[in-house]
Amino acid sequence: MAVVVAPSGGEEPDLPTAPPLLPPAALPEDQGLPEFSRLFDGEWVWGAYCSRLGQPETKPQRLRLRQLSYNPGRRAVATCVAEWLSDEFVRQDQFAIELAPDRPARLFRYPEDPYLPGLTHAASAVAASRLLDKHVLAAPVRRLRVRVVRYRPGGHAVLRHRLGRVRFYVRVMRPERVSRLMAAAELVAQSGFALPRLAGSWDEGGVVWLSEIPGTNVRRLIRQGDALDPEPILDNLARLWDIPYRPNEHRPFSLRGAYRRARRVFRQVLRDWGEPCRTLMQATTALDPFVKSWQPSGVAHNDFYDDQLIRLPDGRLALVDFEEAGLGDPLLDVGNFLAHLRWSAHFGRESEAQASGAYHRRLRGGAQARFGWEERALNLREAVCIFRVCTNPIRHLALDWPRRLEVGLSLVNEVLA
């Protein structure tokens, strides 16, 4: 497995000038991660790439920082791409640089991920054909096509395996998480939501095959202004919430951990900013006591929002991501959906923003009328979920991340008010 140590000093000798590193964004220095600022230094990233993966025959036109997973003082993983541009296509070489305080920086290239041992096999058409033959179809596989849908280095990947008309979505995760996915699938299957069929798994590699579900993404429907009735969504959620459970039977959702991670990031990146720091303090003053006192109250999805749903041709709703299901909070499920809609209403394109805002009002009104929740209780949950969504500008390294973060935190305070 190509996991190697990136250089800790200056650039390598005899290297051509580094390609431009985009976007030209940067975050404040992190004393706990001394090399953190180097992630935004194109010369250093280029030197790390060439010294550990070899200098390519032709220099890429650019390097791109695609995503940052960041836990201040503890860990940072930057997803990077070297890109060669032509009139017909863009060739990419994706790699990641990981920083931690207890070891030197290291670099690894997709699909050789040290945390996802099955990814190298699942991402190769030849190796994946053998896996499908053994764990899914029990028949020889020919002409397999593999496509990357989503990949977060060190975290998880979603691939697509296609054999003619037969298609699977492949979830690649850390092997110890497979049992959690299976338990969540068994739980959610008792609700009114349709689920992709579990076609097979390779537990040691952390690879699970799920059947592809035909239909239309609910986020797309909402943003197109489709008159999607929120009642079927609430019907299926209510069935999920009514599933009986025994204490210690299902893994509880950790709102406190998720909130504290986001708060730690914001305090780190906003430490030299005046007004945004005050906006953050106003939000945390209200949210800290709520999060401290919060406890799971029943079965819940725990990561519920529009992009997780598919409307099937027959009108039923399917859940395509359910790994976090377990003990949680029904109001938090609705609050998370509302938080994503509110975020889209403020940062989306004009027509999509209007449609998201309108659906936010419909969903919130329908939930309150149906369940009789106290408005303050729902406000707190929507606010804490917006607070977590505010990590998006940091994770995606938006050029105007300070403005977007401040606006997002202002949304938190608006909901709380």
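Preceding this section is the structure that the text describes.
Figured I'd write up the structure that's included with this text. Counting from 1, residues in each chain are numbered in the order their sequence is written. Owing to the predicted nature of the model, reporting of local features is limited to residues with pLDDT of at least 70; listing and counting of side-chain atom pairs is limited to 80 or more, with chain, interface and lining totals taken over all residues. Excluding hydrogens and water, the side-chain figures rest on all heavy atoms present in the structure.

A 1.4 Å probe that fits into a set of points on a 1 Å grid over the protein atoms alone but cannot get out defines a cavity; an open set with protein on both sides within 12 Å along at least five of seven lines defines a pocket, and lining residues are those with an atom within 4 Å of a point. Grid points are joined across faces, edges and corners, and a volume is the space filled by probe spheres set on the points. According to the stated counting rule, one finds one cavity of 30 Å³ or more in the structure shown. When its volume is computed, the largest cavity comes out at roughly 60 Å³. Phe253, Asn302, Asp303, Phe304, Asp329, Leu332, Asp333, Asn336, Cys385 and Arg388 together form the lining of the largest cavity. Looking at the lining of the largest cavity, the elements that each hand over two or more residues are helix H9 (330-347) and helix H11 (375-389). Only runs of H or I of at least four residues qualify as helices and only runs of E of at least two qualify as strands under DSSP, and these elements are numbered from the N terminus. Counting residues per element, the lining of the largest cavity draws most heavily on H9, at three residues. Looking at the lining of the largest cavity residue by residue, the class counts come to four nonpolar, two polar and four charged. Following the grouping adopted for this structure description, the nonpolar residues are Ala, Val, Leu, Ile, Met, Phe, Trp, Tyr, Cys and Pro, the charged ones are Asp, Glu, Lys and Arg, and the polar ones are all others, Gly among them.

Our next topic: the sheet that holds strand S9 (residues 166-173). Any two strands with at least two DSSP-identified bridges between them are counted as paired. Pairing within the open sheet is antiparallel, and its five strands lie in the order S7-S8-S9-S11-S10. Where the open sheet ends on each side, the last strands, each with one partner, are strand S7 (145-152) and strand S10 (198-202). With strand direction ignored, the average angle separating the axes of adjacent strands in the sheet is 20°. In the sheet, strand S8 (residues 156-163) pairs with S9 via eight bridges, with the strands oriented antiparallel. Looking across to S9, one finds that His156 is bridged to Met173. Here, two residues are considered to be in contact whenever any of their heavy atoms come within 4.5 Å of each other. As a rule, the C-alpha atoms of each element are fitted with a line to give its axis, helices using only the stretch in contact, and angles between N-to-C directions run from 0 to 180 degrees. Seen against the sheet, helix H3 (residues 125-137) touches S7, S8, S9, S10 and strand S11 (207-211) and runs at an angle of roughly 115° to S10.

For this analysis, a salt bridge means a side-chain nitrogen from Lys or Arg found within 4 Å of a carboxyl oxygen belonging to Asp or Glu. Scanning the model with the defined rule gives 29 salt bridges in all. Between Glu212 and Arg160 there is a salt bridge whose closest N-O contact spans 2.6 Å. One end of the pair, Glu212, is in the loop between S11 and strand S12 (216-217); the other, Arg160, is in strand S8, and 52 residues separate them in sequence. Taking relative accessible area as the criterion, Glu212 reaches 25% and is therefore assigned partly exposed. By relative accessible area, Arg160 is classed as buried at 15%. The shortest N-O distance in the salt bridge between Glu231 and Arg370 comes to 3.1 Å. Three exposure classes are used, based on accessible area relative to the maximum for each residue type with a 1.4 Å probe and protein chains only: buried under 20%, partly exposed in between, and exposed over 50%.

Moving on, we come to the packing of H9 against H11. The N-to-C vectors of H9 and H11 enclose an angle of 55°; their axes lie 7 Å apart at closest approach. On the basis of their axis angle, the class for H9 and H11 is oblique. Where H9 crosses over H11, the handedness of that crossing is right-handed. Every residue of H11 that contacts H9 at Leu331, Leu332, Val334, Gly335, Asn336, Leu338, Ala339, His340, Arg342 and Trp343 is listed here: Ala377, Leu378, Arg381, Glu382, Val384, Cys385, Ile386 and Val389. Any angle from 65 to 115 degrees is called roughly perpendicular, while one under 35 is roughly parallel, one over 145 is roughly antiparallel, and all others are oblique. Crossings are sorted by hand: turned counterclockwise from the far helix by less than a right angle, the near helix makes the crossing left-handed, and turned clockwise it makes it right-handed.

Here we take up the pairing of S7. Two elements, S7 and S8, share seven bridges in a ladder whose sense is antiparallel. Of the residues in S8, the one forming a bridge with Arg147 is Arg160.

Next up on the list: the side chain of Asp329. Structurally, Asp329 is set in the loop between strand S16 (326-328) and H9. Classification of Asp329 as buried rests on a relative accessible area of 3%. Polar contacts, as used here, are pairs of N or O atoms within 3.5 Å; protein pairs need one atom able to donate a hydrogen and one able to accept it. Residues neighboring in sequence count only if both atoms are side-chain atoms. At a separation of 2.8 Å, a polar atom in the side chain of Asp329 contacts the side chain of Trp294. If we skip the residues at most four places from it in the chain, Asp329 touches Trp294, Ser297, Gly298, Ala300, Asn302 and Arg381.

Ring geometry is summarised as follows: Phe, Tyr and Trp rings, the Trp one being its six-membered ring, pair when their centres sit within 6.5 Å, and such pairs are stacked at plane angles under 30 degrees, edge-to-face over 60 and tilted between the two. Considering all chains together, one arrives at 15 aromatic pairs under this definition. Geometry around Tyr115 places Arg75 over its ring, the cationic atom sitting 5.2 Å from the centre. Charge over a ring is defined by NZ of Lys or CZ of Arg lying within 6 Å of the ring centre and within 35 degrees of the ring normal. If you follow Arg91 out to its NZ or CZ, it ends over the ring of Trp84, 4.1 Å from the centre.

Burial analysis of strand S5 (residues 90-100) places eight of its 11 residues in the buried class, which makes it a mostly covered element. Sheet topology places strand S4 (residues 75-85) next to S5; 10 bridges connect them, and they run antiparallel. The residue bridging Cys80 from the neighbouring strand is Phe95, located in S5. The loop that links S4 with its antiparallel partner S5 comprises four residues. Two elements, S5 and strand S6 (residues 103-109), share five bridges in a ladder whose sense is antiparallel. Looking at the pairing, Phe95 lines up with Arg109 of S6. Connecting the antiparallel pair S5 and S6 is a turn made up of two residues.

So, about H11. Count 3.6 residues to each turn of an α-helix, and residues three or four apart come out pointing the same way. Here, expected helix span is obtained from the residue count minus one, scaled by 1.5 Å. When the terminal C-alpha atoms of H11 are compared, their 21 Å separation across 15 residues agrees well with the 21 Å that a helix rising 1.5 Å per residue should span. Among the 15 residues that make up H11, 12 are buried, leaving the element largely enclosed by the rest of the structure. Inspection of H11 places Ala377, Leu378, Asn379, Leu380, Arg381, Glu382, Ala383, Val384, Cys385, Ile386, Phe387 and Val389 among the buried residues, and these make up the whole buried set.

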